[in-house]
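What follows is the residue order along each chain.
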Amino acid sequence: MFSIKKAFLFVLLLGAGFNASAARKQKVNIWAGIPAMYGQHVTMEITVPDKPNGTAVIICPGGSYHHLGLFAEGRKTAKWFAKQGIVACLLLYRVAQYGYHYPAPMQDIQRAIQFVRERDKELGIDMHKVGLIGYSAGGHLVAWAGAFAGRCDELAKIGIQSEISLRPDFVISVYPVVSMQDDIAHAWSRKSLLGKLPTQEQKDLFSLEMQIPVDMPPVYLVACKDDPVVIYENSVRLYAAFLAQGIPCKFASYDQGGHGFGMKDSDFMRASHWNEALAAWLKGLAFLNE
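Note that this is a predicted model, so its numbers are computed, not measured.

S.K.: Kindly report on the overall build of the chain, identifying the contributing residues and their values.
M.R.: Broken down by element type, the chain carries 11 helices and eight strands. Whereas a compact globule of 290 residues would reach a radius of gyration of roughly 19 Å, the chain reaches 19 Å, a difference of no more than 12%. In terms of overall dimensions, the chain has a C-alpha envelope of 65 × 40 × 30 Å along the principal axes. The buried share among the 290 residues of the chain stands at 56%. In the form shown here, the chain has an accessible surface area of approximately 13,100 Å², with 55% of it arising from carbon and sulfur atoms.

In structure tokens form, the structure reads like this:
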């Protein structure tokens, strides 16, 4: 018989964090207990594999900074990484659909990085093996987080002081929004992030091809030449910026594949096996076991 005492113990275990007795999958509010963010609820779905290999990845789906594509780019991606032994952390960052614009997405991803690193022992990870993957607008967000880690601490601005580094150890940017310049910008993403009438200064600041530092972490970049949503030139310019700064980068460019394929079982996945090439890159950097 399931007694009241046992039920109470079960609730305690669920609330205790990532103990051996707790579930392998949990949803957490990354802003819980942060006074400056009282009332904000941003969910991160964390999947801990049976045998963690020490690496964690924070997943940022796309959706034009307006909404989130949680199937192919979110939960399918989390499932794939967990199968590789990587702790998968799906971040449901704040978007324009619910009235959020800059700096909300950056606050969320920086807090997610801090949150995961602070729980390295509980999650069974190495705090120096925490990376990011993002798709489309999420691809912009993860590259932005990598590029701005050393120059823009959004957490300090809201009173969160920590010695935890906000620099990810690797970045995977898939068919990313990159530029905010008029010639190739994805207009919906720009509007959702910066509003209807961004200044030229804002366009320049958030055009990642203009903002890559010399200490950018290693990057795996994926794009298809026939992308009908985000102009392929976005990735070309970003790759050129990485090369100019000497950043270790692999550009996986495909002639066909379009946009939005994520990690779902699709014609493109079966033809390209792009995730297998990604796995080889992660192995080469010791983020995935042989």
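S.K.: So, the layout of surface pockets: which residues are in play, and what are the values?
M.R.: Considered as a void within the structure, the largest pocket measures approximately 230 Å³ in volume. In this structure, the largest pocket is lined by K25, Q26, K27, E45, I46, T47, R75, A78, K79, A82 and L90. Residue assignment for the lining of the largest pocket shows that the elements contributing at least two residues are β1 (25–29), β2 (43–47) and α2 (71–83). Examining the composition of the lining of the largest pocket, we find that four residues originate from one element, α2, more than from any other. The residue inventory of the lining of the largest pocket, partitioned by class, reads four nonpolar, two polar and five charged.

S.K.: Residue-level account of the pairing of strand β5 (residues 130–135), with values.
M.R.: Counting buried positions along β5 yields six of six residues, so the element is predominantly enclosed. Side chains of β5 alternate between two faces, with V130, L132 and G134 and G131, I133 and Y135 buried alike. Where strand β3 (residues 56–60) lies against β5, five bridges are found, and the strand directions are parallel. Residue pairing across strands places A56 opposite V130, the latter belonging to β5.

S.K.: Describe in detail the side chain of T55, supporting the description with residues and values.
M.R.: Tracing the backbone shows T55 in the loop between β2 and β3. Of the residues examined, T55 reaches a relative accessible area of 0% and is grouped as buried.

S.K.: I'd like a description of unusual backbone geometry, backed by residues and values.
M.R.: The omega torsion across Y102 and P103 is 10°, close enough to zero to call that bond cis. As for its position among the elements, P103 is in the loop between β4 (87–91) and α3 (104–118). One non-glycine residue, S64, lies in the positive phi region at around 60°. Relative to the assigned elements, S64 resides in the loop between β3 and α2. The backbone phi angle of Y175 is positive, close to 30°, even though this residue is not glycine. Of note, Y175 is situated in the loop between β6 (171–174) and α7 (187–194). Here Y175 falls in the buried class, since its relative accessible area comes to 1%.

S.K.: Any details on the sheet that holds β1? Residues and values, ideally.
M.R.: Spatially, the eight strands line up as an open sheet ordered β1-β2-β4-β3-β5-β6-β7-β8, and their pairing is mixed. Here the strands that pair on one side only, and so sit at the sheet edges, are β1 and β8 (249–254). When the angles between neighbouring strand axes are averaged without regard to direction, this sheet yields 15°. Examined bridge by bridge, β5 and β6 share four bridges and lie parallel to one another. Bridging across to β6, I133 finds its partner in I172. Set on the sheet, α3 makes contact with β1, β2, β3, β4 and β5; between it and β3 the angle comes to about 160°. Relative to the sheet, helix α5 (residues 137–148) contacts β3, β5 and β6, its axis offset from that of β5 by approximately 150°.

S.K.: How would you summarise the environment of I231 if you had to cite specific residues and measurements?
M.R.: Its location among the elements puts I231 in the loop between β7 (219–224) and α9 (233–244). You can call I231 partly exposed: its relative accessible area is 41%. Expressed as a C-alpha distance, the spacing of I231 and M216, which sit 15 residues apart in the sequence, is 23 Å. Excluding its chain neighbours within four sequence positions, the residues that come into contact with I231 are D183 and I184.

S.K.: Break down α9 for me, with residues and values.
M.R.: Its 12 residues give α9 an end-to-end C-alpha distance of 16 Å, which sits within 8% of 16 Å, the value for a rise of 1.5 Å per residue. Here α9 has its buried residues at N234, S235, L238, A241 and F242. Along the long axis of α9, the arc covered by the buried residues comes to 120°, so they all point the same way. Its buried side turned inward, α9 meets β7 and β8.

Calculation notes
- Residue numbering note: each chain is counted from 1, following its sequence as written.
- Owing to the predicted nature of the model, reporting of local features is limited to residues with pLDDT of at least 70; listing and counting of side-chain atom pairs is limited to 80 or more, with chain, interface and lining totals taken over all residues.
- Water and hydrogen atoms were dropped before computing side-chain values, which therefore reflect all heavy atoms in the structure.
- Per the convention used, a helix needs a DSSP run of H or I reaching at least four residues, while a strand needs a run of E reaching at least two, with both numbered from the N terminus.
- Using C-alpha atoms as the atom set, the radius of gyration is obtained and then compared with a globule rule of 2.2 Å times the number of residues to the power 0.38.
- For every residue, the accessible area (1.4 Å probe, protein chains only) is compared with the maximum for its type, and the residue is labelled buried under 20%, exposed over 50%, or partly exposed between those bounds.
- Using a 1.4 Å probe, accessible areas were evaluated by the Shrake-Rupley method; residue-level cover was limited to the displayed protein chains.
- Cavity: a set of points on a 1 Å grid over the protein atoms alone where a 1.4 Å probe fits but cannot get out. Pocket: an open set with protein on both sides within 12 Å along at least five of seven lines, its lining residues, like those of a cavity, having an atom within 4 Å of a point.
- Grid points are joined across faces, edges and corners, and a volume is the space filled by probe spheres set on the points.
- Charged residues are taken to be Asp, Glu, Lys and Arg, nonpolar residues to be Ala, Val, Leu, Ile, Met, Phe, Trp, Tyr, Cys and Pro, and polar residues to be all remaining types, Gly included.
- Strand pairing requires that DSSP identify at least two bridges connecting the strands.
- Whenever a helix is involved, its axis is fitted only over the stretch in contact; in every case the axis is a line through C-alpha atoms, and angles between N-to-C directions fall within 0 to 180 degrees.
- Whether two residues are in contact is decided by their heavy atoms: any pair within 4.5 Å suffices.
- A helix's residues, less one, multiplied by 1.5 Å, set its expected span.
- The directions considered for the arc run from the helix axis to the C-beta atoms.

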